[in-house]
Structure formats: structure tokens, C-alpha cells
Amino acid sequence: MERYLVGGAVRDTLLNLPVKEKDWVVIGKTPEEMLKAGYQQVGKDFPVFLDPNTSEEHALARVELKSGKGYHGFVCHTSPNVTLEEDLGRRDLTINAIAIDKNGKLIDPYHGQEDINDRLLRHVSDAFIEDPLRLLRVARFAARFAYLNFKIASETMLIMQNMTNEIKFLSPERIWKETERALKTFNPEIYFQVLRQCGALKILFKEIDILFNIPYFINGDTKINMGIHALMTLSEISKFTDNIGLRFAALCHDLDKGINYCDNNNVCLRKNHSKKLGVKLVETMCKRLRIPNLVSQLTQIAVKYHEVLHNILILSSYSIITLFDKIDVWRRPERLEQLILIAESDFRVRDNSSKKISYPQADFIRKAYRLVKNIHVRKVIEDGFIGSAINREIHKRREQVLSIWRKQ
């Protein structure tokens, strides 16, 4: 069998990165021959087969012809006559269009090695524009390899800026899948930065894009805008957690501030914002993109309560217990630490010196929770309280314990 190692395995090998999985392209074979050799076919759009011994994917060499709109608007053509160079030519980036034969020889018809050395993400051919999903993939690769100083080639960025019209034909599932993978990278903020640079952010995440029109005031001075602050907060929290929900919530923590800020002429206005409307904005965005419920819920909590945490030292004991109730910390104790991490990340990027400043709200709220978490409903019921009086009494007892501790 004439087969070649292709794609990410080759790229990562050349970058001295660990190879997680291997993909192969097979030249000169038919589906019938693959099945006869014991390979198991998977997928309906094009012939991909699993090796019976290693379970590694083996795809027959193919070319694709544009036939419609969006990610699925292609006719896949496989034939024993399709060459390796033709197969590599249909790929997105030159760094992903390199193959290795059985003797370890590199086949690189589109100069991917040169772009690896130059740290460039460059499209293979003009056919790149035919698949809008590639725009998201390039943004994801830019985020993944930012720590290696990879940049998008100027000609590729120009193509990306001219292909945003087809973004709307992508399914919500595909959009979120690429976004989720980008959120797992070392520098997820680069993904959203690239999407904005090419004009895709205002189509896919319009609620985030509008933040870039809103000034962010630091001690009465305008240094950046809310969009940049959102990206900085995402970058900061990513240093401490790889949790997708936390990272996305940190990115969207100020989403409410984008409501009613710009008029029909896109002139920035300074109006009062509403946490309730902000939560609704999150719900609408997450529903549109079919973002998982747990991510949506955590993002809503971030929007509604992160500023409450900033002011926790001056809040009444009643308000603090009410906050615990609102985020359901009694059944979901992990939410407190999640909210703390989001709020602290927001705090630390407010100015250049903030990393040297402690965040006393974090220790305070942790101690407050430890003091009151053992006041259980069971004891209140044993004391004779029934019905709605149970919740009032347990709230009162928690408040009293907290108030005594604060006075001391």
C-alpha cells in the first residue's frame, strides 16, 4: 500500500511537538480494495478507513469541487488516479500540506517547511476561500501557535477578510467546535482577535464585537476599550485554568456593558446598563450558537455577579448570604471559586500595576462561606420551623454568624 503520513502529525514533528494522532493518505486504492484488506470504513462524505491494528485513519487521496454554500458545499472526488500533490493541494495551510513517505522522506510541494521556519500561517491556494470553516481554523491555529510566534501571512489575511460573507452558512455546531478548540489553547484571546481583524467577529459574536466601541475607564482615564479589556481578562484567567466555561465566561464578563451603547450611526454613547438585560444577551448568544448549558450558566453568573464580588467588603451580611443563595453555592460550592477566579482576573488587568496588588475580596468571601456553610436546613427544621419560614430562618442564622465574625 502506498501511504503517506500527513497533516498535523508531520507539522508537529517538524516543530518538535508531541504527536497526538497520526493520519495517513492512501494513493492508488479504491474503497473496495481497502475493505478487502480489512480496513473499516467510517464517514459518509468521503472514504476514510480505520486500520484494523492501530485504528489510525487512512483517507483515500481526494480532490474537492465547490458545489454550494458553506462548509458542506463540496463534491468530494476520490480516484486511484488522484496524486499526492493534488490531495495536499486541497488542504488549508501550507504547514498542514506536508507528507512523509515510508522511508522518512518529506514531500513538500507547497513550501510548508519554509513557512514553518518563517513562522507563517499561509493558505495553500486560492481554493482556500471556498470553505468558510478555514477562516476559523486559521484563527485557531494562530491562537495555538502564538507562543511560537506564528503570524498570519498578509495575503492570507486579505483572503480571510474577503470571505466573511459565507460565515453565515456555517452551522452553530461547527462554529462552537472550533471556538471550543481555540479556548483550549495557550493564547485563546488571539482567536477572537483574529476574528475581529478579518471581520468575522461581528458576524459570529456580535455581542463581543460591540464591546470594542466602548471606552474602558481606568481611574477616570480612557486607556483601552471594553473589547480589549475582555481579551486581556481571557488571557489572564487562561494562566490559571484550562476550563472552557471559565475562559469563555471571563471573556464575556462585561457583556452587559454593550447594551444600547451605540446609536444607528455607530456613535458611542454612555448609558446605564442592566445586569438583567446582560444575562438575557448571554442567553440569546448561547442559544444561537448552541453553546453548552453549563458554559452559558457560568457566563450568566459572571456577567451578573463579578462586580458584586469586587464590592463584597462593603456589602451587608444580608447581601453576602443572598449572593451565596443566588449562585447556589450550597449545592454547587465550586461556583464560588469560579466566580472568584473570574472577578480576580478582571481586577488584575485593570492596569499594569494590578498584578502587584492583592485581591482581599477573595480571602474574605472564602472565609465567609466557610463560616456559614455548616448551618444546615436540618437543624432549622428540628427547631420547629416549617414551610417558607425555613428559608427565612436559615438565611437569618447565616447572616447573624457572619455579622458577628465581621465585628470581631
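All chains use their own residue numbering, which begins from 1 and follows the written sequence. Totals for whole chains, interfaces and linings use every residue, but because this is a predicted model, local features are given only for residues with pLDDT of at least 70 and side-chain atom pairs only at 80 or more, for both listing and counting. As a rule here, side-chain values come from all non-hydrogen atoms in the structure, and water together with hydrogens is ignored.

**Q** Mind showing me how you'd approach the packing of helix 13 (residues 275–288) against helix 14 (residues 293–310) here?
**A** Working note: a packed helix pair is described by the angle between its axes plus the distance between those axes. Orientation is described by axes fitted as lines to C-alpha atoms, over the contacting stretch for helices, and by angles from 0 to 180 degrees between their N-to-C directions. Only DSSP runs of H or I covering at least 4 residues are called helices, and only runs of E covering at least 2 are called strands; the numbering of each starts at the N terminus. As a packed pair, helix 13 and helix 14 sit with axes 9 Å apart at the nearest point and diverge in direction by 160°. Considered as vectors, helix 13 and helix 14 are oriented roughly antiparallel to each other. For the crossing formed where helix 13 meets helix 14, the hand is right-handed. Between helix 13 and helix 14, the contacting residues are K275, G278, V279, V282, E283 and C286 on the first element and S296, T299, Q300, V303, K304, H306 and E307 on the second. Just so you know the grouping, Ala, Val, Leu, Ile, Met, Phe, Trp, Tyr, Cys and Pro go in nonpolar, Asp, Glu, Lys and Arg go in charged, and all remaining residues, Gly too, go in polar. Taken together, the residues of the contact of helix 13 with helix 14 break down into four nonpolar, five polar and four charged. Note that the term roughly parallel is reserved for angles under 35 degrees, roughly antiparallel for angles over 145, roughly perpendicular for angles of 65 to 115, and oblique for everything else. Left-handed is the label given to a crossing in which the near helix is rotated counterclockwise from the far helix by less than a right angle, and right-handed is the label when the rotation is clockwise. Any two residues having at least one pair of non-hydrogen atoms within 4.5 Å are treated as being in contact.

**Q** Sorry if this is basic, but what is going on with helix 16 (residues 334–348) here?
**A** The periodicity of an α-helix, 3.6 residues per turn, causes residues three or four positions apart to be oriented the same way. Helix span, expected: 1.5 Å multiplied by one less than the number of residues in the helix. An ideal rise of 1.5 Å per residue puts 21 Å on 15 residues; helix 16 measures up with 21 Å between its terminal C-alpha atoms. The buried label goes to any residue with under 20% of its type's maximum accessible area, the exposed label to any with over 50%, and the partly exposed label to all in between, with areas taken from a 1.4 Å probe on protein chains only. Within helix 16, 12 of the 15 residues are buried, which leaves it mostly tucked inside the rest of the structure. Residues R335, L336, Q338, L339, I340, I342, A343, E344, S345, D346, F347 and R348 constitute the buried set of helix 16.

**Q** Can you walk me through the packing of aromatic side chains in this structure?
**A** Centre distance and the angle of the planes are the two values used to describe a pair of aromatic rings. Centre distance within 6.5 Å is the pairing criterion for rings of Phe, Tyr and Trp, where only the six-membered ring of Trp is used; planes under 30 degrees apart are then read as stacked, over 60 as edge-to-face, and the remainder as tilted. Here the structure, examined in full by the defined rule, presents 11 aromatic pairs. Ring geometry for Y191 and F192: centres 5.1 Å apart, planes at 90°, overall edge-to-face. F192 carries the same exposure label as Y191, and that label is buried. Look at F347 and Y359: their rings are 5.0 Å apart centre to centre, the planes differ by 45°, and that puts the pair in the tilted class. Here F347, found in helix 16, pairs with Y359, found in the loop between helix 16 and helix 17 (360–372); they are 12 residues apart in sequence, far enough to count as distant. Comparing F347 with Y359, the two get one shared label, buried. Through a chain of ring-to-ring contacts, three or more aromatic side chains come together here, namely F141, F145 and F150. The positively charged end of R398 is found above the aromatic ring belonging to W330, 3.6 Å away from the centroid. Two conditions define a charge sitting above a ring: the NZ of Lys or the CZ of Arg must be within 6 Å of the ring centre, and it must be within 35 degrees of the ring normal.

**Q** Honestly, the pattern of salt bridges in this entry has me stumped. Any pointers?
**A** Oppositely charged side chains are able to pair whenever their charged atoms sit close together. Take a side-chain nitrogen of Lys or Arg and a carboxyl oxygen of Asp or Glu: if they are within 4 Å of each other, that pair is a salt bridge. Overall, the coordinates contain 25 salt bridges when judged by the stated rule. Of the charged contacts in the structure, one is a salt bridge between D87 and R90, with a shortest N-O distance of 3.4 Å. Residue classification places D87 among the buried positions, given a relative accessible area of 0%. For E307, the salt bridge is made with K275, and the minimal N-O distance between the two is 3.1 Å.

**Q** It is not clear to me how the confidence of the model for the chain should be interpreted in this structure. Could you clarify?
**A** The predicted coordinates should not be examined in detail at positions where pLDDT is low. pLDDT expresses, on a scale from 0 to 100, how confident the predictor is about each individual residue. Confidence in the prediction for the chain averages 90 pLDDT; 90% of positions are at 70 or higher. Overall, residues 266–271 carries pLDDT values under 50, and its contacts beyond four positions in sequence, including any with other chains, amount to 16 contacts.

**Q** What is the right way to look at the pairing of strand 2 (residues 23–27) in this model?
**A** In regular strands, side chains alternate between the two faces of the sheet. Burial analysis of strand 2 places four of its five residues in the buried class, the great majority of the element. Following DSSP output, two strands are said to pair if at least two bridges run between them. As paired strands, strand 1 (residues 2–6) and strand 2 are joined by five bridges and run antiparallel to one another. Note on strand 2: the bridge partner recorded for V6 is D23. As defined by bridge partners, strand 2 adjoins strand 5 (residues 57–60) across four bridges and the pair is classed as parallel. Paired with V25 across the strands is A59, a residue of strand 5.

**Q** Sorry if this is basic, but what is going on with the packing of helix 16 against helix 17 here?
**A** Relative orientation of the contacting elements helix 16 and helix 17 amounts to 165°, with a least axis distance of 10 Å. The angle between helix 16 and helix 17 falls in the class roughly antiparallel. Both helix 16 and helix 17 take part in a crossing whose hand is right-handed. Between helix 16, through L336, E337, I340 and E344, and helix 17, the contact on the second element is made entirely by A362, I365, R366 and Y369.

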